[in-house]
Amino acid sequence: LLTAAKAQARPLFDEFMCYAKVELAPPTPADFQHFREQAKCMKSGMKSTGKRLCSTTVSEAWLNTLVTIEVITWFFMGEVIGRRHLVGYKV
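Now for a look at the structure at hand. (Residues numbered from 1 in each chain as written. Predicted model: local features only at pLDDT ≥ 70, side-chain atom pairs only at ≥ 80, totals over all residues. Heavy atoms only, no water.)

**Overview of the overall build of the chain**
Thinking step 1. Along the chain, the regular secondary structure elements total four helices and zero strands.
Thinking step 2. Counting from the amino terminus, helix and strand elements in the chain follow one another as α-α-α-α.
Thinking step 3. Across the 91 residues in the chain, those meeting the buried criterion constitute 2%. (Helix = DSSP H or I, 4+ residues; strand = E, 2+ residues; numbered from the N terminus. Buried < 20%, exposed > 50% of the residue type's maximum accessible area, 1.4 Å probe, protein only.)

**Considerations on the packing of aromatic side chains**
Thinking step 1. Applying the stated criterion across every chain yields a total of two aromatic pairs.
Thinking step 2. The interplanar angle of 85° and the centroid separation of 6.1 Å between the aromatic rings of Phe32 and Phe35 together place this pair among those described as edge-to-face. One end of the pair is Phe32 and the other is Phe35, both in helix α2 (residues 29-44) and three residues apart, which spans about a single turn.
Thinking step 3. Relative accessible area serves as the criterion here: at 41%, Phe32 is assigned to the partly exposed category.
Thinking step 4. A relative accessible area of 44% means that Phe35 is categorised as partly exposed.
Thinking step 5. Here the aromatic rings of Phe75 and Phe76 are separated by 5.2 Å at their centres, their planes lie at 70°, and the arrangement is edge-to-face. (Phe/Tyr/Trp six-rings, centres within 6.5 Å; stacked < 30°, edge-to-face > 60°.)

By themselves, these observations are geometric and do not establish any function.
Okay, structure coming up:
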């Protein structure tokens, strides 16, 4: 039974490890250089923030809205899990 479960889970585990190696890797020095360049662009481009805001497409705005809703949802779900009660704290 254990061998069958192990054989069945192996492809899923291999796929997980493939993605984990890419997504969970620490940043490289080249990444830090890219971050510095982006920070410089942001610092010099603060005056043109209005232009960038006006050039946001509908699909980008919708995606930003969905990401914001997801973050807020996970925050409140964490609060409920932390309290171990749906409404308020048990005193």
